[in-house]
Amino acid sequence: MKIAIVGAGICGLYLAWKFSEKGHEVIIFEKKEKIGKEVCSGLFSERILEFIPESEKLIQNKIDFCLIHFPEKTIKLNFSGKFFVINHYDLDRLVAILTERAGAKILLKYNVTRKDLVTFQNEFDKVIGCDGANSVVRKNLRLNNPKFYLGIQGFLLENDFSNFVETWPTKDGFIWKIPRRKEMEYGIIEKPERARKIFEKFLKDYNPPTTLPLVEGERAPKNLNLERTNSAPIPQGLILPKNQRITLCGDSAGLTKPWSGGGVIWGLISANILLKNFPDFLKYQKEVKKFFLPKIIFSKMAKRLVYFFGFNFPWVFPKEFEIEGDFLV
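In this text, all values refer to a predicted model and were calculated from it rather than measured experimentally.

1. Some words on the overall build of the protein chain
And then number 1: Counting its regular elements, the protein chain contains 8 helices and 14 strands.
And then number 2: Here the protein chain has a C-alpha radius of gyration of 21 Å; the compact-globule value for 329 residues is 20 Å, and the two agree.
And then number 3: Projected onto its principal axes, the C-alpha positions of the protein chain cover 75 × 40 × 35 Å.
And then number 4: Taking all 329 residues of the protein chain together, the buried fraction comes to 53%.
And then number 5: Considering only contacts within the protein chain whose residues lie at least 6 apart along the sequence, 71% involve residues at least 24 apart.

2. With respect to helix H8 (residues 281–312)
And then number 1: Across its 32 residues, H8 extends 45 Å between first and last C-alpha, which sits within 8% of the 46 Å expected from 1.5 Å per residue.
And then number 2: The largest bend in H8 is about 35°, located at Phe292, with the proline Pro294 one to four residues further on.
And then number 3: For H8, the set of buried residues is Phe281, Tyr284, Gln285, Val288, Phe292, Ile296, Ser299, Ala302, Lys303, Tyr307 and Gly310.
And then number 4: Elements in contact with the buried residues of H8: strand S4 (59–70), strand S7 (126–129), strand S9 (164–169), strand S10 (174–179), strand S13 (246–248) and helix H7 (264–277).
And then number 5: The backbone nitrogen of Leu282 has a side-chain oxygen 3.2 Å away, supplied by the residue at the start of H8, namely Asp280.

3. Some details on the environment of Trp266
And then number 1: By the element assignment, Trp266 lies in helix H7.
And then number 2: Among the residues examined, Trp266 registers a relative accessible area of 0% and is labelled buried.
And then number 3: Placed 121 residues apart in sequence, Trp266 and Asn145 show a C-alpha to C-alpha distance of 19 Å.
And then number 4: Not counting residues within four places of it along the chain, the set of residues in contact with Trp266 comprises Leu255, Thr256, Lys257, Pro258, Trp259, Phe292, Ile296, Asp326 and Phe327.
And then number 5: In this structure the side chain of Trp266 is engaged in a polar contact, spanning 2.9 Å, whose partner is the backbone oxygen of Asp326.

4. Remarks on a positive patch on the surface
And then number 1: On the surface, Lys147, Lys171, Lys191, Lys300 and Arg304 cluster together into a patch of positive charge.
And then number 2: Mapping Lys171 onto the fold places it in the loop between S9 and S10.
And then number 3: Residue class for Lys171 comes out exposed when judged on its relative accessible area of 64%.

5. So, unusual backbone geometry
One can expect most non-glycine residues to show negative phi and most peptide bonds to be in trans.
And then number 1: In this structure, the amide linkage connecting Phe278 to the following residue, Pro279, adopts the cis form with an omega of 10°.
And then number 2: Assignment of secondary structure puts Pro279 in the loop between H7 and H8.
And then number 3: Although it is not a glycine, Lys109 adopts a positive phi angle of roughly 55°.
And then number 4: When you line up the elements, Lys109 lands in the loop between strand S6 (105–107) and helix H4 (114–123).
And then number 5: Here the phi dihedral of Arg181 falls at roughly 70°; this positive angle occurs in a residue that is not glycine.

6. Considering the nonpolar core
And then number 1: If you look at the biggest cluster of nonpolar residues, it comprises 86 residues, and the most contacted ones within it are Ile5, Leu15, Ile48, Ile52, Phe120, Ile128 and Phe292.
And then number 2: If we skip the residues at most four places from it in the chain, Ile128 touches Ile3, Ala4, Ile5, Val6, Leu15, Phe19, Thr247, Cys249, Leu274 and Phe281.
And then number 3: If you look at the next biggest cluster of nonpolar residues, it comprises 14 residues, including Leu150, Ile152, Met184 and Phe202.

7. Some words on the pairing of strand S1 (residues 2–6)
And then number 1: Among the 5 residues of S1, 4 are classified as buried, and the element is accordingly described as predominantly covered.
And then number 2: Assessed by its sense of winding, the connection that carries the chain from S1 through helix H1 (residues 10–21) to strand S2 (residues 25–29) is right-handed.
And then number 3: Note that S1 and S7 share 4 bridges and pair parallel. Its bridge partner lying in S7, Ile5 is registered against Ile128.

8. Digging into the pattern of salt bridges
And then number 1: Evaluated as defined, the whole model comprises 14 salt bridges.
And then number 2: What emerges from the salt-bridge pattern is a single network uniting Arg47, Lys257, Glu324 and Asp326.

9. Observations concerning helix H3 (residues 88–102)
And then number 1: Taking 1.5 Å of rise per residue, 15 residues should cover 21 Å, and H3 covers 21 Å from first to last C-alpha, within 8% of that figure.
And then number 2: N-capping of H3 is provided by Asn87, with a side-chain oxygen placed 2.8 Å from the backbone N of Tyr89.
And then number 3: Directly after H3, the chain includes Gly103, whose backbone phi takes a positive value near 115°.

10. Topic: the packing of aromatic side chains
And then number 1: Inspection of every chain in the model, using the stated rule, returns 25 aromatic pairs.
And then number 2: Between Phe174 and Trp176 the ring centres are 5.9 Å apart and the planes differ by 55°, which places this aromatic pair in the tilted class.
And then number 3: Using a relative accessible area of 12% as the deciding quantity, one classes Phe174 as buried.
And then number 4: Owing to a relative accessible area of 10%, Trp176 belongs among the buried residues under this scheme.
And then number 5: Centre to centre, the rings of Trp266 and Phe327 are 6.1 Å apart; their planes meet at 20°, and the pair counts as stacked. Separated by 61 residues along the polypeptide, Trp266 in helix H7 and Phe327 in the segment after strand S14 (320–323) bring together distant segments of the chain.
And then number 6: Residue class for Phe327 comes out buried when judged on its relative accessible area of 12%.
And then number 7: By the ring-pair criterion, three or more aromatic residues cluster together here, those being Trp259, Trp266, Phe291, Phe292 and Phe327.
And then number 8: Sitting over the face of the ring of Phe281, Lys126 holds its NZ or CZ atom 4.6 Å from the ring centroid.
And then number 9: The side chain of Arg228 reaches across the aromatic face of Phe155, ending 4.2 Å from its centre.

Rules and cut-offs
- Residues numbered from 1 in each chain as written.
- Predicted model: local features only at pLDDT ≥ 70, side-chain atom pairs only at ≥ 80, totals over all residues.
- Heavy atoms only, no water.
- Helix = DSSP H or I, 4+ residues; strand = E, 2+ residues; numbered from the N terminus.
- Rg over C-alpha atoms; globule rule 2.2 N^0.38 Å.
- Buried < 20%, exposed > 50% of the residue type's maximum accessible area, 1.4 Å probe, protein only.
- Contact = heavy atoms within 4.5 Å.
- Expected span 1.5 Å × (residues − 1).
- Bend = angle between axes of the 7 residues up to and from the residue.
- Polar contact = N/O pair within 3.5 Å; in protein donor to acceptor, adjacent residues only side chain to side chain.
- Patch = residues over 30% accessible without salt bridge, like charges linked within 9 Å, V, L, I, M, F, W, Y side chains within 5 Å.
- Areas by Shrake-Rupley, 256 points an atom, 1.4 Å probe, with all protein chains shown as cover.
- Salt bridge = Lys/Arg side-chain N within 4 Å of Asp/Glu carboxyl O.
- Lys, Arg positive; Asp, Glu negative; His and termini not counted.
- Charge placed at Lys NZ, Arg CZ, Asp CG, Glu CD.
- Core = buried A, V, L, I, M, F, W, Y, C linked by side-chain atoms within 4.5 Å.
- Right-handed = clockwise from strand over helix to strand, strands pointing away.
- Pairing = 2+ DSSP bridges.
- Phe/Tyr/Trp six-rings, centres within 6.5 Å; stacked < 30°, edge-to-face > 60°.
- Lys NZ or Arg CZ within 6 Å of the ring centre and 35° of its normal.

What is shown is where atoms sit, not what they do.
See the structure below:
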């Protein structure tokens, strides 16, 4: 079949790669002038190697556990499998190479419009929207938008080979600190109207300015003036059309983890479900909902409970416990 994919993010590239290997004719339409997502923490479970084995060479650091800092208690969260720190930009570039080698075409600087989508339905057998949080395909289908959070990240040049990340829960999200060997990443996911204010306060409180002379033996405070600060919307809320010609995958479908906002592994799982059920988009839609909706509901409830007890009754938690990083259970 002839397939149009809108968006050259990780899901769009992965689908194009696998469809091309199956002999389909695939064209990706990407509005940016280069491949590579730049705003992402790049913390992936070891499942990434099941989808993209070649990504092993991109691993910057390996993470075994997470420290969750509630105001009155810190909890150690062990992962049942390792997490890898990988530069998302490099990961996208790698999959783009694999995609083109398989025979797919990538058209850059192509800003798809509503008129284009009408044309695509005449020229292509199938159209797949993988165009991210602000999906043009989703809007053209007149579907509801998912809920949006704001992700902000910044970096400090600081060598750190730690095998753990740190998080500070906020009202509806959290602040993170991820060691990337040659630099440290700080970031936040929160509701858009308060994300920046909370993050700026955290950075200020974490590094209070001082002009007083240091007492002998006292350490000077760090300077957390972050470099390369970026931000991007993070969609949450599964949305798929009942349509046999056009469908959505990944962030465009709002498919991200309710507790972390991470969407790569969930997006790739949904991509494999699409590949398995192709060309039946309605069967794909049903199977994705059957697989993900119980996990979304459970994880939302789990997050609310953890936050409620963590902020109000932290003593109910053990000091340490283990979870499955992609699905909580």
